[in-house]
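Fold and geometry: a report
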Amino acid sequence: MVTQPELISSANESETPELGLWEQIKEDWIAHGRDWTLPGFRAVAVQRFGVWRMKIEPKLLRAPFSILYRMLYRKVRNTYGIELPYTVKLGRRVIFEHQHGIVIHGYCEIGDDCYIRQGVTIGNRYLERPLEAPKLGDRVNVGAGAKILGGVTIGDDVNIGANAVVLKDIPSGMTAVGIPAKIINAGKSPDIT
C-alpha cells in the first residue's frame, strides 16, 4: 500500500523542472530551426524575457529590465506584427511560423509544441468580459487567419483550419474548420494552413 507522503514525493519527481531563461530561449531557438532572425523566435524570446524580469526583486532593481522589455515588446509588435505580452502563459517550444497580424490576449494560455501562423487572433469575445481568454492544449495547430475567441478550451492535438472562427470548446484530437468552426473529424489534417 502506498502512503500519502510517498504519493506526494512521486508526484513531485515526475514534474518537469522549470527551465531558466537561457535554457528556454535555447529550446525555442532549436524549435525555430536554429534561426535567431525569425520574427517568431524573437517574439517568443522577448516574451520569455518579460516573464523572467518579473521575478527580479526589488522593483527598483527590476525597473531597467522593465524599460528594456517594453522597448523590445514594442519593436516586435510594430516591426513583425506579433502581439505576445509577458502575461500570456506560454508553453514550451511554441512556434510562430510566420509574422504579421498575430494578436494574443494577455490572459491566454498556450500549451507546449503549438504552431501559430499569420493573421491569428486568440482573444476575448465580449467587451463586458475582458479577462476571458482561450486556453490551448498541447500540440495545437492553428491555421492562418484563424480566430479563437472567448473563454474556450482547445484540447490537445487539435487542428484549427485557416480562417476558422472558434467560439466553442474543441475536444482533443479533433479538426475544426469554418465560420463558425465546426468539428469535421478526428485526427490530423495535413492541409489546414
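An account of the accompanying structure is given in this report.

Basis of the calculations
- Residues numbered from 1 in each chain as written.
- Predicted model: local features only at pLDDT ≥ 70, side-chain atom pairs only at ≥ 80, totals over all residues.
- Heavy atoms only, no water.
- Pairing = 2+ DSSP bridges.
- Helix = DSSP H or I, 4+ residues; strand = E, 2+ residues; numbered from the N terminus.
- Contact = heavy atoms within 4.5 Å.
- Core = buried A, V, L, I, M, F, W, Y, C linked by side-chain atoms within 4.5 Å.
- Buried < 20%, exposed > 50% of the residue type's maximum accessible area, 1.4 Å probe, protein only.
- Patch = residues over 30% accessible without salt bridge, like charges linked within 9 Å, V, L, I, M, F, W, Y side chains within 5 Å.
- Areas by Shrake-Rupley, 256 points an atom, 1.4 Å probe, with all protein chains shown as cover.
- Salt bridge = Lys/Arg side-chain N within 4 Å of Asp/Glu carboxyl O.
- Axes fitted to C-alpha atoms, helices over the stretch in contact; angles between N-to-C directions.
- Parallel < 35°, antiparallel > 145°, perpendicular 65-115°, else oblique.
- Left-handed = near helix turned anticlockwise from the far one by under 90°.
- Nonpolar A, V, L, I, M, F, W, Y, C, P; charged D, E, K, R; others polar.
- Phe/Tyr/Trp six-rings, centres within 6.5 Å; stacked < 30°, edge-to-face > 60°.

**Notes on the sheet that holds strand β2 (residues 89-90)**
Across the sheet, which stays open at both edges, the 4 strands sit in the order β2-β5-β8-β11 with parallel pairing between neighbours. Here the strands that pair on one side only, and so sit at the sheet edges, are β2 and β11 (153-154). Relative to strand β8 (residues 135-136), strand β5 (residues 109-110) runs parallel, the two being bridged by 2 bridges. Across the sheet, residue E109 finds its bridge partner in β8, namely K135.

**Thoughts on the environment of V46**
Tracing the sequence through the fold places V46 in helix α3 (residues 39-53). In this structure the C-alpha to C-alpha distance between V46 and Y73, which are 27 residues apart in sequence, comes to 6.5 Å. Once you skip the residues sitting within four places of it in the chain, V46 turns out to touch Y69, L72, Y73 and V76.

**Side note on the nonpolar core**
In summary, soluble globular proteins display a tendency toward joint burial of nonpolar side chains. With 40 residues, the main nonpolar core has F96, I104, I110, I116, I148, I154 and I160 as its most contacted residues. Elements represented by at least two residues in this core include exactly α2 (21-31), α3, α4 (59-80) and β4 (102-104). Ignoring anything within four residues of it in the chain, the contact list for I148 reads T121, I122, G123, P134, L136, V142, I154, I160 and V166.

**Quick word on a nonpolar patch on the surface**
Taken together, the side chains of I67, L68, M71 and L72 present a nonpolar region at the surface, about 360 Å² in accessible area. Summarising the element assignment, L72 is placed in helix α4. The partly exposed category is assigned to L72, whose relative accessible area is 32%.

**Digging into the packing of α3 against α4**
Where α3 contacts α4, the two axes come as close as 10 Å, and the packing angle between them is 155°. Comparing the axis directions of α3 and α4 gives the class roughly antiparallel. Between α3 and α4 lies a crossing of left-handed hand. Two secondary-structure elements touch here, α3 through P39, R42, A43, V46, F49, G50, W52 and R53 and α4 through R62, F65, S66, L68, Y69, L72, Y73, V76 and Y80. Residue composition of the contact of α3 with α4, grouped by class: 12 nonpolar, 2 polar and 3 charged.

**Brief notes about the packing of aromatic side chains**
Counted under the stated rule, the structure contains 5 aromatic pairs. An angle of 55° between the planes, with centres 6.4 Å apart, marks the rings of F49 and F65 as tilted. One end of the pair, F49, is in helix α3; the other, F65, is in helix α4, and 16 residues separate them in sequence. Classification of F49 as buried rests on a relative accessible area of 13%. Owing to a relative accessible area of 29%, F65 belongs among the partly exposed residues under this scheme. Judged by centre distance (5.6 Å) and plane angle (90°), the ring pair of Y69 and Y86 falls under edge-to-face. In this pair, Y69 sits in helix α4 while Y86 sits in the loop between β1 (82-83) and β2, placing the two residues 17 residues apart along the sequence. Its relative accessible area of 5% is what places Y69 among the buried residues. Its relative accessible area of 27% is what places Y86 among the partly exposed residues. Within the aromatic cluster, the residues linked to one another by ring pairs are F49, W52 and F65.

**Topic: unusual backbone geometry**
Most of the time, phi is negative for any residue but glycine, and the peptide bond is trans. Along the chain, E57 connects to P58 via a cis peptide bond; the corresponding omega equals -5°. Here P58 lies in the loop between α3 and α4. The linkage connecting I179 with the following residue, P180, adopts the cis geometry, with an omega of -10°. With respect to the helices and strands, P180 occurs in the loop between β14 (174-177) and β15 (182-186). For R34, which is not glycine, the phi dihedral falls at a positive 55°.

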